Every structure is written in C-alpha cells, then in structure tokens.
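Structural overview
Here is how the chains run, residue by residue.
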Amino acid sequence: MAEAADFQGTSPSPARRLLRRTGTLLAAAPLLAGLCQVSAAAPAEAAAASGSVSVAIDTLSPSVPTDGDTITVSGTVTNNAKQAVTAAHVGLQVGPEVNTRSSIDAVTEDGDSLQGATGSEVGGKYVAKFAKLTPGVAEPFSISVPVDELNLGDPGVYQFAVSLSGETSAQSWDQPLGIQRTFLPWQPDEPDTKTKTTFLWPLISTVHMTAETGSNAQQTPVFLDDDLAEEISAGGRLDQMLTLGENLDVTWVIDPDLLASVDAMTRSYRIQGEGDTTTAGTHQALAKQWLAKLQKAVEDKEVVVLPFADPDLASLAHNGTSVTGSLSHLDEATDVAATTVRTVLHVTPSTDFAWPVNGAVDPSIVKVATSAGADKVIARSDSLQETAGLSYTPSAARPIGGGTTAVVADARLSTAFQGDLTKASSTTLAVQRFLAQSLTLDLQTDKQRSIVVAPQRMPTASQADAMAEAITALQAGNWSQTQKLTAAAAAKPDPGATTKVPAASAYPSSLRRQELPKWAFQQIASTQNKLDNFKVILSDQSRVVTPFGLALNREMSTSWRGRSTEASGFRTDVEAYLDDLTSQVSLIEKSETKLSGRSATIPVTVQNNLVQGVKHLRLRLTSLSPNRLEIGGSSYYEQPVEVSGGHSQTVKFTTTANANGKASVIAQLYTEDGQPYGEAVRFDVKVTEFTATVMLVIGGGVLLLVLAGFRMYTQRKRAAAREADQNGPDDEAGEAVDGPENPEGPQDRLKGETGTGPGANDSEQPSDLTADTAAESADPSGTGERVDR
C-alpha cells in the first residue's frame, strides 16, 4: 500500500520518508567507518615515515675506520609521542654499498625515514636497551662494535644507521619507531691513485673600520663597533678559525682588510658611540696575540690574498661597470692587498685568484674578476656545470679563454658544512656525508684528479669545527692527499670537462637580489669625486686619501650581501664625514660692506680648521655689477691662497667704484684646475663716493680750475696791453686796450669774484687736487668689515 501511494509528481507519505532515511543511514554506516579509518591512517602513516622516536648520532668514531678498529656510536633517543615506549632497544644497521654521489644525496634526504630497507641489524650484544622511554625525555646511548662484526666488503661507502625498536600500548609488538641514517667510508688499503684535495680556509670578516681618523699624528682609527674584538677573543669565530686552521694542511684565503683592522687594534683606537661620541678601544693585547698566532700559523702555508675588503665582483660586473671609475677601485684594492699581507704577516701571498660569491660566474663576472690582474677565477661546479656527460668528476682546472683558468670547486663538498651545525648530531652527519662524497668521488675512476673545496666565506664557529673534523679525518684516510691551490690551478685540465662559461641569464636570481645596486656605485663615484677635489689642496694628502680610499673599497665589500640597510648607512656616513672635512676650509661670511672712496680694497678671509695646511687654492672675487664696481680693473680677480692648519688668511682685493649704489659681489674658492671648492659667499658693497656733498666738492674744484685758467688768461691780456702802450697806437696787432671807460681790469674783477681782497699775490697758483678717496662715510657701519683703503 505504501509503495502504491508513491506516485510520480506526489510527495511520499511520512511512513515512506522514515523508511528511506533509515535505509540510507544503514547503508552509509560501513562507508563512513572506512573513511574514518582512512583519515586516521593518513597521519599515522605520515608519522611512521619519520618515526615517533627521534634518533640523534652525536659521535661516530673513528669517522673512517680501518681493519682492527672498534667503532663507537653515541647519541640520544627521544620519544616524541604521547605514549610511553617499552621494551625498546637501539641497534646498528649496515646497509648496502652506495656507489654514486647522487645516491648519497638521496640517502641524506631520507635520513630519518622508516620507509625502505637499510640493512640487517648487527644485534647480539651490540645494542642498547631501554625498559621504558618516557614521552619528551631524551635518553643517551653508546654502542661500541668491532669493525670486523660489520662484515664490510670491498672498499666503498656503506649506509650506516642507528635505529630504535620498541612497543607501545596501542601496538604491543616490537617494531621500528625511529632511525637515523649516515655513511661509513671503508678504505682499509691505499688505492692505486689518490685524489689530490685542496681545502680553502677563508679568513674573512665584515667591515669594521670607518673612514674617520683622529686629528693626532697617529691618526687614531675609529671602528664601527667592538664586534671584531669579540670575533678574535677566545671562543670567537675568528679565533676558532685560527686555532683550528693552524693544525690543518689547508690553503689560507685572507681578506687584507681583516689584517689591517686587527693591526689597527694593536695601537690606540676608538669605537663609535651614540651621536658624534667615541670611546677608547681596550683590546690591544688581544689583537697583538691573535696576529702573532696567525703569523706563526701561516709561515709555512700557502696564502692566497683577495683584493682589499673582498669586493663583490658580481655586483661590480652587473651594476658597477656602467658607472665611471668603479673598476679603478678594484685595481686599487688589488694593489694594496699584497702589501698589507707582507707588512702584517711577513709572507708573500698569491694575488692571482679572484673568488666571486658562491663561485657563480658569467662572462661579465669573469671579465671584471680578471681586469685587475688575476688570471684564475674560483668558480663552483653548480655554476660551471658539466655538459659532456662524464661519468666522473673532472679536475678543477679549466681553461676558459683569454689566458684565464677557472678553478672549479666541487659543489657537494663545498656546501657540506652550511646550515645550523650547533648540534653535535648535525656535525656528525655533515662530516660523514663529506667523507662519503670524497671517497665515492675517488672510486669513480682510476684517473688521478685535483679537487678543490671552497666553503662559505664566513663559517660560524660550529661550522668551522665540523670543517676541521672532516679535514682531519680526510687527511688521515687512505684515498686523498693534500694539494695547494696554486698546484690545483696548474694541473693538467681534463679534455672532456666543460670550459664554457654560463650565460648571464643562468646567474642565480637569489644571488642577484643581494647585489649592490647601481645607485650604490653612483654614490661611491660621487664620494670619489669629492675626494679628488679635496685632496689637491692638502699639504699632506695621505692623511685623507689613504683612509678614504680604503673606506671606498669597503663600500664594495661582499660582506654587505643581505645587509642592504647597513651598506647604505656606511656609504652615507663616509660621504658625510668627507663633506664635514671639506667644509673645514671655507670662506668667512661677510655682511654688507661700505665703500666710501673711489678706490679701496675689500678683504675676504679664508678659514682652515684642518690640522694640516692647504694650498693650491685660488680665491676669486667677482662683481655682478662691473659698471658700478670693478675688481682689479675687471669684473673679477683671483689670488692664490695658502693657509696653515688651524689658521685663517685675509686676502685683499683692489676695487674701483664708478657709480653710486649697491653692487653684489661673489667670493668663491677654486682649485688650481678650475673646480669650485666649497660654498660661495655673496655680499653687497655699498658705494657711497658719489653723494651730493662729494659732487659739490668736485664741482667747486672744477670751478677753481676754470677761474685759475681765466686768471692766467687775463694776466696775459694785461701784459699784452702794456706792451702795446709802449709801442704806440699803431700796433700791428690791432688789439683794443683798456681805456678810461674800463677803469677796472680783468685782474681786479677776478679778485673780486673770488673774494680774495686787496693785497692778494698775483703770482699765486691754484692748490693741488685732493685725493680721489673722500672721507669715510658718516653712516653707521654694518656688522661686516670695513674696507681698507
């Protein structure tokens, strides 16, 4: 009846709807249960991939075992689950031989995965047992096993794992819960050929010194901070690099700026504080001790020196070559490098090598790297990649054209010690991986090859520890022998190795983003121009040129990568300090000057607040209104200037006033090559010579001259008349003479007009003209100087 009632186009009855819902729920129940099981299984499977118990291998000794050795493995196991683990034990597993370098990479990537077989457990008494592992608690273990018990076969690299098995309340059967894989290099006998390995040991730091120096004779240097003292102190990064490196057979790669900075610390130095304050440095003894230790460490070792301050070659190639003068800084940095090393360390370094960041190269980088004289470029194999399909890793040296050799460092070995190695377990894994890669490389072919390892430029103290541990183990092994970098570069190249430098488009974008921008090089060029303009006036150029030249090299340092804000601040501070020094030689401001005579001198004062004297300067005074005021007979006049340190000099200019009123004048210092120096000083000159009173005086003088001339004329007239009277009335000249109708002659009239009165001497001559310069103006003087007349 219910089914009959369910027709198309009508609603089901309430009974029918209830029946359908019940059936649907019953049918879906198994499916929902399955989904729940899948959902629960997914995280469980993910957890099982890495294990619920983490295993850390803190030590594996010896790193490279040989016949008769006993291997000791120690570390910790930590239960990361919420449930306790019972009936647990730690065992050792030896897996199959790893034959390729890429296989080592794959094992490293899956180092803690429970998936995949590693090998059979050594078992027996060579285990560490735990009745219970409490959640979150790290438990130590240590297992020692004779190498003979590992049943190692032919020489090669074997997987070696430490695993933990146990039970949980949810799964009460023995099962693997955690593992850590590493590698065991096995080369008990010396092979027929050994790999020649060069390990670079970089002694490089960040920029520490400013361009500022004291005004004393010693030019006390000023440091950005006291970080360098921390680095060379006991336990510091550079102290660790030195302490470890002196016991290793390595090639030292040194930035001479570091040597110069530590050497500066051996004497009086100061440290920048807040604002313009500085404090005295106190680590002279520490600096002397560190340098003495370094001198001893490198006296019999190969030393490769980088250009001063380790300039960023890639930044220069990509962004600096279009800025005029940028490459000249690289030349200067190269020139000073060898001198610094010889002076401080008393050894002669090699200057033939250039080292771009991470060994990444392109044609422009190679061109810049070799522009300063280096003919060898340290590249890396992940940049200069093999394209010929070789089955082995070729030797490092590659001719890349133009007489340049690329020394290609092995990327896997060079990057083995990056990342956080502060934990002992991380160090152990890095060391074993490095040794595994080295032995696998050696076993690739019977050909003897030269391999170079170029680690990161500034390893941390923990990274340096790992590097030293690996080098010590490598040099104690049977398959490698040490070689100097110069020998590796001179080795015969493999004919099958690639020699083509990758295009600029292949340069890693991650490195390009860290480069110094073009405007940084433009700012450097601006500072250099100011320095060039400043140094020509100095009596002792070295006091300024040397510290600023080194500062400009430091502005291009590779150490600024990833620190763009600090780099910009350093460049700005250097330029600002130079501006401050140049402003110490300046013209003293002048107020309005009064010129009360037709001819006078205007004084202009040059102030030198520098310690040293300045010369090769010319002071030009220019009239902007030459029709009213001439200077030196023209619109402008120049005079040489030479001022001792801490003194001033007043230069006087002769002027001529042609008209009344104000005339603007500009005083400007120039270098001898015609470049303006410093700020110009503009002031007004008020010409007060041609006032009404002065004009009246001048007019009176002109009238006296006219009257004197008239008087001379009348005297001659009267003399002629007297002569005519004596000769009679028939004078040929026909001139009229004074008759009775003219009782008063011209002479008497002149006396009356001049008011001289009776008794005046007829032979009196007019008085001399007064000087052109009138009396000083009666107006109140301004704040400036009055001119000298």
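Everything numeric here is computed off the predicted structure, so don't read it as measured data.

When you go through the protein residue by residue, the secondary structure sums to 20 helices and 30 strands. A fraction of 77% describes how many contacts in the protein between residues 6 or more apart in sequence connect residues 24 or more apart. Within the structure as shown, the protein displays about 37,900 Å² of accessible surface, and the carbon and sulfur contribution to it stands at 51%.

Next up on the list: the pattern of salt bridges. A complete count under the given rule lists 20 salt bridges for this structure. Glu515 is the partner of Arg561 in a salt bridge, and the nearest nitrogen-oxygen pair spans 3.9 Å. Here Arg561, found in the loop between helix 17 (542-554) and helix 18 (564-582), pairs with Glu515, found in the loop between helix 15 (509-512) and helix 16 (518-535); they are 46 residues apart in sequence, far enough to count as distant. The same class applies to Arg561 and to Glu515, which are both buried.

A complete count under the given rule lists eight aromatic pairs for this structure. Ring geometry for Phe417 against Phe434: centres 5.3 Å apart, planes inclined by 45°, an arrangement best described as tilted. On the criterion of sequence distance, the pair formed by Phe417 in the loop between helix 11 (411-414) and helix 12 (424-442) and Phe434 in helix 12 is long-range, its members being 17 residues apart. Through a chain of ring-to-ring contacts, the aromatic side chains of Phe199, Trp201, Phe417 and Phe434 assemble into a single cluster. Above the face of the Phe683 ring, Lys590 is positioned so that its terminal group lies 5.1 Å from the ring centre.

With that settled, consider the nonpolar core. A general tendency of soluble globular proteins is for nonpolar side chains to be buried together. Core analysis: the biggest nonpolar cluster contains 75 residues, and Phe534, Phe548, Leu619 and Leu621 have the highest contact counts within it. Once you skip the residues sitting within four places of it in the chain, Phe548 turns out to touch Ala211, Leu531, Val574, Tyr577, Leu578 and Leu581.

Turning next to the pairing of strand 7 (residues 156-167). Among the 12 residues that make up strand 7, 11 are buried, leaving the element largely enclosed by the rest of the structure. Note: strand 3 (residues 85-98) against strand 7, nine bridges, orientation antiparallel. Paired with Val98 across the two strands is Val157, which belongs to strand 7.

Within the fold, Asn608 resides in strand 24 (residues 599-608). Looking at Asn608, the relative accessible area reads 0%, which means it is buried. Of note is the side chain of Asn608, whose polar atom sits 3.0 Å from the backbone nitrogen of Leu610. When sequence neighbours within four positions are dropped, the list of residues in contact with Asn608 reads Gln584, Val585, Gly613, Val614, Val643, Ser644, Gly645, Gly646 and His647.

Turning next to helix 12. An ideal rise of 1.5 Å per residue puts 27 Å on 19 residues; helix 12 measures up with 27 Å between its terminal C-alpha atoms. Most of helix 12 sits out of view: 15 of its 19 residues are buried.

What follows concerns the sheet that holds strand 13 (residues 270-272). The mixed open sheet is built from four strands, whose spatial order is 10-11-13-14. Of all strands in the sheet, those bounded by a partner on one side alone are strand 10 (209-213) and strand 14 (278-280). Each strand of the sheet is rotated relative to its neighbour by a mean of 35°, with strand direction disregarded. The pairing of strand 10 with strand 11 (residues 221-223) spans two bridges and is classified as antiparallel. Looking at the pairing, Thr213 lines up with Pro221 of strand 11. Together, strand 10 and strand 11 form the strand contacts of helix 6 (residues 256-265), whose direction differs from that of strand 11 by roughly 110°.

All right, on to helix 3 (residues 101-109) then. Of the residues making up helix 3, those classed as buried are Arg101, Ile104 and Val107. End-on view of helix 3: buried residues confined to an arc of 115°, all on one side of the axis. Where helix 3 is buried, its residues touch strand 3, strand 7, strand 8 (175-186), helix 11 and helix 12.

Bringing the pairing of strand 19 (residues 405-409) into the picture now. Most of strand 19 is tucked away: five of the five residues are buried. As judged from the five bridges shared by strand 17 (residues 376-380) and strand 19, these two strands associate in the parallel manner. Bridging from a neighbouring strand, Val377 pairs with Ala406 of strand 19. Note: strand 18 (residues 397-399) against strand 19, three bridges, orientation antiparallel. Bridging from a neighbouring strand, Arg398 pairs with Ala406 of strand 19. Counting the residues in the hairpin turn of strand 18 and strand 19 gives five residues, including Gly401, whose phi is positive at 100°.

The strand order 16-17-19-18 describes an open sheet built from four strands, whose pairing is mixed. Either end of the sheet is taken by a strand with one partner, and the two such strands are strand 16 (353-354) and strand 18.

Here Arg449 is to be found in the loop between helix 12 and strand 20 (450-453). No salt bridge is formed by the buried Arg449. Its closest oppositely charged neighbour is Asp442, at 5.2 Å. Polar contacts involving the side chain of Arg449 include one to the main-chain carbonyl oxygen of Leu441, which spans 2.5 Å. Among the polar contacts made by the side chain of Arg449, one reaches the side chain of Gln444 at a distance of 3.1 Å. Beyond its immediate sequence surroundings of up to four residues, Arg449 is in contact with Thr195, Lys196, Tyr392, Thr393, Pro394, Ser395, Leu441, Asp442 and Gln444.

Of note, the bond from Ser61 into Pro62 is cis; its omega dihedral lies within 30 degrees of zero at -5°. Checked against the element boundaries, Pro62 lands in the loop between strand 1 (53-61) and strand 2 (70-79). A positive phi is found at Ala87, a non-glycine position, where the angle reads about 50°. Within the secondary structure, Ala87 is located in strand 3. On the accessibility criterion, Ala87 (46% relative accessible area) is partly exposed. At His616, a position not held by glycine, the phi torsion is positive, near 60°. Along the polypeptide, His616 turns up in strand 25 (residues 614-623).

Scored by pLDDT, the protein comes out at a mean of 86, with 83% of its residues at no less than 70. Predicted confidence for residues 729-789 stays below pLDDT 50, and this span has 75 contacts to residues more than four positions away or in other chains.

A few words now on the environment of Leu184. Secondary-structure assignment places Leu184 in strand 8. Sequence spacing of Leu184 and Phe160 is 24 residues, and the spatial spacing of their C-alpha atoms is 5.9 Å. If sequence neighbours within four positions are ignored, Leu184 has contacts with Leu60, Ser63, Pro65, Ile71, Leu150, Leu152, Gly156, Val157, Tyr158 and Phe160.

Attention now moves to the packing of helix 5 (residues 237-245) against helix 13 (residues 461-476). Contact geometry of helix 5 with helix 13 gives a least axis separation of 9 Å together with a crossing angle of 10°. With respect to helix 13, the element helix 5 is oriented roughly parallel. Touching Arg237, Gln240, Met241 and Leu244 of helix 5 are Ala461, Ala464, Asp465 and Ala468, all from helix 13. Broken down by class, the residue content of the contact of helix 5 with helix 13 amounts to five nonpolar, one polar and two charged.

Examined against the element boundaries, Gly549 turns out to sit in helix 17. For Gly549, a relative accessible area of 17% puts it in the buried group. Measuring from C-alpha to C-alpha, the distance between Gly549 and Leu531 comes to 8.8 Å, with 18 residues separating the pair along the chain.

About the cut-offs
- Going along each chain's sequence as written, the residues are numbered from 1 onward.
- The predicted origin of the model limits local features to residues at a pLDDT of at least 70 and limits the giving and counting of side-chain atom pairs to 80 or more, whereas totals for whole chains, interfaces and linings rest on all residues.
- Where side-chain values are given, they derive from all heavy atoms of the structure, hydrogens and water being excluded.
- Numbering of helices and strands runs from the N terminus, with a helix taken as a DSSP run of H or I at least four residues long and a strand as a DSSP run of E at least two residues long.
- Whether two residues touch is decided by their heavy atoms; if any such pair falls within 4.5 Å, the residues are in contact.
- Working definition of accessibility: Shrake-Rupley area with a 1.4 Å probe, residue cover restricted to the visible protein chains.
- One speaks of a salt bridge when a side-chain nitrogen belonging to Lys or Arg is within 4 Å of a carboxyl oxygen belonging to Asp or Glu.
- Per-residue accessibility, obtained with a 1.4 Å probe over protein chains only, is compared with the maximum for each type, and a residue is labelled buried under 20%, exposed over 50%, and partly exposed between these values.
- Classification of ring pairs rests on two measures: the distance between centres of Phe, Tyr or Trp rings, Trp counted by its six-membered ring, which must be within 6.5 Å, and the angle between planes, read as stacked under 30 degrees, edge-to-face over 60 and tilted in between.
- Counted as over-ring charges are cases with an Arg CZ or a Lys NZ within 6 Å of the ring centre that also lie within 35 degrees of the ring normal.
- As used in this record, nonpolar core signifies buried Ala, Val, Leu, Ile, Met, Phe, Trp, Tyr and Cys residues forming a set joined through side-chain atoms within 4.5 Å.
- Pairs of strands are assigned from DSSP output, requiring at least two bridges between the strands.
- We call two N or O atoms a polar contact when they sit within 3.5 Å, provided that within protein one can donate a hydrogen and the other can accept it, with sequence-adjacent residues counted only if both atoms are side-chain atoms.
- A helix's residues, less one, multiplied by 1.5 Å, set its expected span.
- Every axis in this analysis is a line fitted to C-alpha atoms, fitted for helices over the stretch in contact. Angles between the N-to-C directions lie between 0 and 180 degrees.
- The arc under discussion is defined with respect to the helix axis, by the directions toward the C-beta atoms.
- Think of it this way: Lys and Arg go in the positive column, Asp and Glu in the negative one, and His and the chain ends go nowhere.
- pLDDT is a per-residue confidence score from the predictor, ranging from 0 to 100.
- In this scheme, roughly parallel covers angles under 35 degrees and roughly antiparallel covers those over 145, while 65 to 115 is roughly perpendicular and the rest are oblique.
- Classes in brief: Ala, Val, Leu, Ile, Met, Phe, Trp, Tyr, Cys and Pro nonpolar; Asp, Glu, Lys and Arg charged; the others, Gly included, polar.

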